[in-house]
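Residue-level structure breakdown
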Amino acid sequence: MGQQAALPKELLITGGKIYDPATGKSRREDLGVKDGRLVDPASLRPEKAQVLDATGCVVTHGFIDIHAHFREPGREDKETLVTGSQAALAGGFTRVCVMPNTDPPIDSPEGVRATLERAEGLPVRVQVIGAITKGQRGEELAELREMRAAGAVAFSDDGQPIRDGQLLKRALQYTKDLGVPVINHAEDVHLRADGVMNESALSTRLGLPGNPVEAEGAMIYRDLLLAQDTGGRVHIPHISTALGVAQVRAFKGLGLAVTAEATPHHLGLTEELMRGFNTQAKVAPPLRTEENRQAVVAGLLDGTIDCIATDHAPHTVEEKEQDMLRAPFGMIGLESAFGLVHTTLRAAGMDIEGIINLLTAGPAAVMGFDLTPLKPGSPAELVVLRPDEEWTFTREDIYSRSRNSPMLGMTFTGRVVATLTPNGWFIQS
Ligand SMILES: [Zn+2]
């Protein structure tokens, strides 16, 4: 349970270890915040400044999520830009890139501008990923150059894979000089067919249609070949299979400038959650076997996978209460992201700095964003983390309009204590 409010005019963060992912350096000192900017703590007025005791905490740059679904316009019953950004703030995120599969999809410069205007003044900075094709129908390229000029930071038909290889090839050729990645939902729809979970011994036992690892592997391989052929920038989203990780590793080894992301759920959870026909664990691509999960973790440890992205996908209670075949794919992920990621990657031997990099410098590099250094004059975009705190994820921790998470009731190590941006702050109470 926490609170969200306006950032105090003057704030002193004391006693914490500061890790700056922009420089890769740690230091022990107090941080001052005044009027939304970092300042020398000596310039604060002691009688006016609020104090945040960060003893036992790591203070770092706010997290950046490059893959979230905020559902506005069209499905404001699931999420809005306002509620989505509140969920982000509670999860330690200060910047979020939203996917364009809204209703209507964001497939024009006007659509990009409209979302950016609605997002002004929100607690976190919202940036827009534009659709690759008109209406996300996979038939005709959208106005990519014009959307980029209007502020789009990447292109994706996420949710809908681009089936036509020739079309994706043209998208890569057109965007090559724009300096932004093309993100194709990596599933071959014909191989995926009507699969609702990972194809495995368990899917056979449960009698549920399976989605094989080859559905992801085939699409990733095609996209890597097209990136190699065109020189365009491909970013592989939500990688879930050992096959996919091996392919990205091999093409990086050949010198291809490809990047990839993993979600907290694919690095931390497995298909075992589908026992008991739990629709909250139904997600695309599906949760896989322990062997695949370990391959995703290994890909994060050796740098094959560049960053973590949540694929936060809100759905209503009514939709998720349908049976396994009908319930929609997806789970929310912003509020639980750090807990699940830190618990899993710490157990795998990664230090806190490495974990923070995957949530800050990693996604910034994928998108070509500058990371503001943690020094006086920079805007306050901070998260305060307590790595040793054990906590149980409950409904009280959710700020999203939806609560479709299979992680409710799970215990994590590592918690977000506070998040600060010039437009808001979240504090754990
Ligand atoms: Zn996707």
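Residues numbered from 1 in each chain as written. Predicted model: local features only at pLDDT ≥ 70, side-chain atom pairs only at ≥ 80, totals over all residues. Heavy atoms only, no water.

Per the domain assignment, the segments making up the chain are domain 1 (2-58 + 376-428) and domain 2 (62-367). Between the C-alpha centres of domain 1 and domain 2 the distance comes to 26 Å. Each partner contributes to the roughly 3400 Å² buried at the junction of domain 1 and domain 2, and carbon and sulfur atoms together form 62% of this total. Here domain 1 is connected to domain 2 by 2 salt bridges. Measuring nitrogen to oxygen at the nearest pair gives 2.7 Å for the salt bridge that ties E353 to K17. The interface formed by domain 1 and domain 2 contains 21 residue pairs in polar contact (both at pLDDT 80 or more). Elements with a contribution of two residues or more to the side of domain 1 that touches domain 2: β3 (17-20), β19 (382-392), β20 (411-421) and β21 (424-428). Residues belonging to the side of domain 1 that touches domain 2 are distributed by class as follows: 19 nonpolar, 12 polar and 7 charged. (Domains from an automatic or database assignment. Buried area = accessible area lost by both parts, 1.4 Å probe. Salt bridge = Lys/Arg side-chain N within 4 Å of Asp/Glu carboxyl O. Polar contact = N/O pair within 3.5 Å; in protein donor to acceptor, adjacent residues only side chain to side chain. Helix = DSSP H or I, 4+ residues; strand = E, 2+ residues; numbered from the N terminus. Nonpolar A, V, L, I, M, F, W, Y, C, P; charged D, E, K, R; others polar.)

The next thing to look at is the sheet that holds strand β8 (residues 58-61). Spatially, 7 strands are ordered β1-β21-β20-β19-β8-β3-β4 in an open sheet, and the strand pairing comes out mixed. In this open sheet, the two strands that pair with only one neighbour each are β1 (2-5) and β4 (25-28). Here the strands of the sheet are splayed against their neighbours by 30° on average, with no regard to which way each runs. Here β8 runs beside β19; their pairing, made up of 4 bridges, is antiparallel. For V59, the partnering residue across the bridge sits in β19 and is V384. Its contacts with the sheet put helix α1 (residues 81-90) on β1, β20 and β21, and the angle it makes with β21 is roughly 50°. Of the strands in this sheet, β19 and β20 are in contact with helix α12 (residues 337-347), which crosses β20 at around 130°. (Pairing = 2+ DSSP bridges. Axes fitted to C-alpha atoms, helices over the stretch in contact; angles between N-to-C directions. Contact = heavy atoms within 4.5 Å.)

On to the nonpolar core. Buried together is how nonpolar side chains tend to be arranged in soluble globular proteins. L300 and L345 are the most contacted members of the largest nonpolar core, which totals 74 residues. If you count residues domain by domain, this core takes at least three from each of domain 1 (2-58 + 376-428) and domain 2 (62-367). Contact partners of L300, with chain neighbours within four places excluded, come to A262, L267, I305, C307, I308, L345, M350 and L358. Residues I18, L38, C57 and L374 belong to the second largest nonpolar core, which totals 20 residues. (Core = buried A, V, L, I, M, F, W, Y, C linked by side-chain atoms within 4.5 Å. Buried < 20%, exposed > 50% of the residue type's maximum accessible area, 1.4 Å probe, protein only.)

Let us look at the coordination of the zinc ion. Taken together, the protein ligands of the zinc ion are D158 (OD), H185 (ND1) and H238 (NE2), with distances of 2.0 to 2.2 Å. One chain supplies every donor to the zinc ion, and in sequence these donors are spaced D-x26-H-x52-H. Remark: H185 occurs in the loop between β13 (182-183) and α5 (189-192) and D158 occurs in the loop between β12 (154-156) and α4 (165-175); sequence separation between them is 27 residues. (Donors = N, O, S within 2.8 Å, 3.2 Å for Na, K, Ca; no water.)

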